Amino acid sequence: DMTQEDLASLYGPLSRRSFRNKKRPVLFRKYNRAIMRVGSWNLDMCSLSKAENPGVREVIAMSILENGLSVVAVQELLDAEALVKLCEELNTPVAPNVKKWSGHRGNWKCAVSSQPVRKLTDATPEHLGFLYDASRGLDISNIAILDRCRGWPHALTDKIFLVSFKVGSGEFVLVNLDTDVTCLDLSSSSGDKFSLSHVLEAVEEFMPGEKDIMIMGSFNAGPDHPAFTPWKEQGYQSALVADSCTNISTRHPEGTSTQQVIWFGPQIHKLLTGEAGVVRQGLTSPWIPDGWSWGGTASSHCPI
């Protein structure tokens, strides 16, 4: 006979049960109208091998299902196939808690940038992507990687991944971007320096007149950073308040800084319920390494 300690020694963390607090499924209605939750999540150097970790798959899938997300922009995909693996977990789950989920499951699809959008290191290309629930009536009508605009003579160092979604008779555009705004030179307003206004220019040139736009991603700064002034001047508003921490670790579960933001274009404002926030619960698993131990987070970033 084997004791529990023997099993733990033999099978390691996989012998431990992954426990999640029960959450009431989200109702997709508010104020007597149908709602759709849109999220963004930096998956923190997510390679195919990371996406194959059962704890990572379970945390990501359950966080999406428990919080009723219908579209999720994701950043820091090292392999395009990693998002396919996460999409498979949502549709044909292997992880026990995902299998047991009794709420809305959906029919998940994914879109990944066909080429890297930037380099995280010299040898590490990054893809951007979207996970979306087609059962909510979502369908992709346009998809593009934008790397130029007329107002800037060079190719954009950090490319933009744009997807236009149709839902019912409407359409909205999600702009996915991973860039460090703290590196921008804000000392001059002359046209010879790159600014976030060039992002709006690139989108406008690709989809002239489009107003239903959301910009989401990782920026290494909160919405009060002066780099975002061009967006605010165009009527964009942040979903999060300035002091919302969006990072997480087992040492600092409350977070220490704001790195991700979702920005709503002026036409989207009338559609908002006013509900927004950072998901901080259920982001660890006994099957994810945490340094020399186990019980780590699926990402150093929270979904927002």
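Conventions we followed
- Residues numbered from 1 in each chain as written.
- Predicted model: local features only at pLDDT ≥ 70, side-chain atom pairs only at ≥ 80, totals over all residues.
- Heavy atoms only, no water.
- Helix = DSSP H or I, 4+ residues; strand = E, 2+ residues; numbered from the N terminus.
- Expected span 1.5 Å × (residues − 1).
- Buried < 20%, exposed > 50% of the residue type's maximum accessible area, 1.4 Å probe, protein only.
- Polar contact = N/O pair within 3.5 Å; in protein donor to acceptor, adjacent residues only side chain to side chain.
- Phe/Tyr/Trp six-rings, centres within 6.5 Å; stacked < 30°, edge-to-face > 60°.
- Lys NZ or Arg CZ within 6 Å of the ring centre and 35° of its normal.
- Contact = heavy atoms within 4.5 Å.

Engineer: Just checking my understanding: could you explain helix 3 (residues 54-66) for this structure?
Structural biologist: Owing to its 3.6 residues per turn, the α-helix aligns residues three or four sequence positions apart on the same side. Relative to the 18 Å expected for 13 residues at 1.5 Å per residue, helix 3 spans 18 Å between its end C-alpha atoms, a close match to the ideal helical length. The buried fraction of helix 3 is high, at twelve of 13 residues. Burial in helix 3 covers these residues: Gly 55, Val 56, Arg 57, Glu 58, Val 59, Ile 60, Ala 61, Met 62, Ser 63, Ile 64, Leu 65 and Glu 66. Capping the start of helix 3, Asn 53 holds a side-chain oxygen 2.7 Å from the backbone nitrogen of Gly 55, two or three residues further along. Looking one or two residues past helix 3, Gly 68 carries a phi angle of roughly 65°, positive in sign.

Engineer: Would you mind going over the packing of aromatic side chains with me for this structure?
Structural biologist: The relation between two aromatic rings is expressed through the spacing of the ring centres and the mutual angle of the planes. Under the definition given, this model contains nine aromatic pairs. With 5.7 Å between their ring centres and 35° between their planes, Phe 130 and Phe 161 make a pair best called tilted. Of this pair, Phe 130 sits in strand 7 (residues 124-133) while Phe 161 sits in strand 9 (residues 160-167), placing them 31 residues apart in sequence. The class for Phe 161 is buried, based on a relative accessible area of 1%. A ring pair is formed by Phe 219 and Trp 231, whose centres lie 5.8 Å apart and whose planes are at 80°; its orientation type is edge-to-face. Placement of the pair is Phe 219 in the loop between strand 11 (213-218) and helix 7 (229-233) and Trp 231 in helix 7, with a sequence separation of twelve residues. Here Trp 231 falls in the buried class, since its relative accessible area comes to 0%. Among the aromatic residues, those joined into a cluster by ring pairs are Phe 130, Tyr 132, Phe 161, Phe 165 and Phe 172. Sitting over the face of the ring of Phe 28, Arg 136 holds its NZ or CZ atom 4.2 Å from the ring centroid.

Engineer: Just checking my understanding: could you explain helix 6 (residues 197-206) for this structure?
Structural biologist: Among the residues of helix 6, His 198, Val 199, Leu 200, Ala 202 and Val 203 are the ones counted as buried. Against strand 8 (138-146), strand 9, strand 10 (170-178), strand 11 and helix 7 lie the buried residues of helix 6.

Engineer: Explain the environment of Asn 107 to me, please; I cannot follow it from the model alone.
Structural biologist: Mapping Asn 107 onto the fold places it in the loop between helix 5 (96-100) and strand 5 (108-112). For the pair formed by Asn 107 and Asp 133, sequence separation is 26 residues and the distance between their alpha carbons is 5.3 Å. Filtering out sequence-adjacent residues up to four positions away, Asn 107 remains in contact with Asn 91, Tyr 132, Asp 133, Ala 134 and Ser 135.

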